[in-house]
Amino acid sequence: MSRKLGLFQYAMSIAEGLINYCPDFNYTILYFAQESPKEFLKVKSQAEINYVSLDASYNNTIGKIKVFLNCIIGKPIFTINKKNKEILKKVNIDLLVFPGQLLLGFENSIPYII
C-alpha cells in the first residue's frame, strides 16, 4: 500500500473493515518498506495480523512498462521485481485484495480482487 493519492487511506478502510468484521481469516498486510501501516490501522486486535514489507525499488517507469505489457499479453511474462516474488513465495496468501492498479497477484499467480 502506498500513502500517495489517497490510496493508502482507501486501503486502510478496506483492511479495517475486513479485519474488524470478518475475524475468521488470517490477514497479511503488504506494504513498501518506508510506509508501514501498523500505526495507522484501527482494528480491535493486532495479534492476528501479519505485516510483510515489500521492496519498492522497481516501482519506476520500466517497471510500469513491464506491468502494462504483462496486462496486454494476458500473462505474467516479465517479472517486475524478483525480490518481491521471493517474499510472496514465503507468505501463504490465498487471496490478494488490493485497492489499486499494482498487480502483485497477477505477476505472482495469486488470486486477487482489485
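That block above? That's the structure.
Report on the accompanying structure. None of the values given here were measured: they were computed from a predicted structure.

1. A look at the overall build of the protein chain
Piece 1. Counting its secondary structure elements, the protein chain contains four helices and four strands.
Piece 2. For the protein chain, the sequential pattern of α-helices and β-strands runs α-β-β-α-α-β-α-β.
Piece 3. The buried share of the protein chain, taken over its 114 residues, is 38%.
Piece 4. Excluding contacts between residues fewer than 6 apart, the proportion of contacts in the protein chain whose partners are at least 24 apart in sequence is 45%.
Piece 5. Of the roughly 7,500 Å² that the protein chain leaves accessible, carbon and sulfur atoms contribute 58%.

2. With respect to the environment of Tyr51
Piece 1. Structurally, Tyr51 is set in strand 2 (residues 49-54).
Piece 2. Separated by 13 residues in the primary sequence, Tyr51 and Lys38 have C-alpha atoms spaced 7.8 Å apart.
Piece 3. Discounting chain neighbours no more than four positions away, the residues touching Tyr51 are Ile29, Tyr31, Pro37, Lys38, Leu41 and Gln46.

3. Topic: the pattern of salt bridges
Piece 1. Per the counting criterion, the structure on display carries one salt bridge.
Piece 2. Salt-bridge contacts for Glu86 lead to Lys89; the nearest nitrogen and oxygen are separated by 3.8 Å. Placement of the pair is Glu86 and Lys89 together in helix 3 (residues 82-90), with a separation of three residues, close to one helical turn.
Piece 3. Judged by its relative accessible area of 42%, Glu86 falls in the partly exposed class.
Piece 4. Of the residues examined, Lys89 reaches a relative accessible area of 60% and is grouped as exposed.

Calculation criteria
Residues numbered from 1 in each chain as written. Predicted model: local features only at pLDDT ≥ 70, side-chain atom pairs only at ≥ 80, totals over all residues. Heavy atoms only, no water. Helix = DSSP H or I, 4+ residues; strand = E, 2+ residues; numbered from the N terminus. Buried < 20%, exposed > 50% of the residue type's maximum accessible area, 1.4 Å probe, protein only. Contact = heavy atoms within 4.5 Å. Areas by Shrake-Rupley, 256 points an atom, 1.4 Å probe, with all protein chains shown as cover. Salt bridge = Lys/Arg side-chain N within 4 Å of Asp/Glu carboxyl O.

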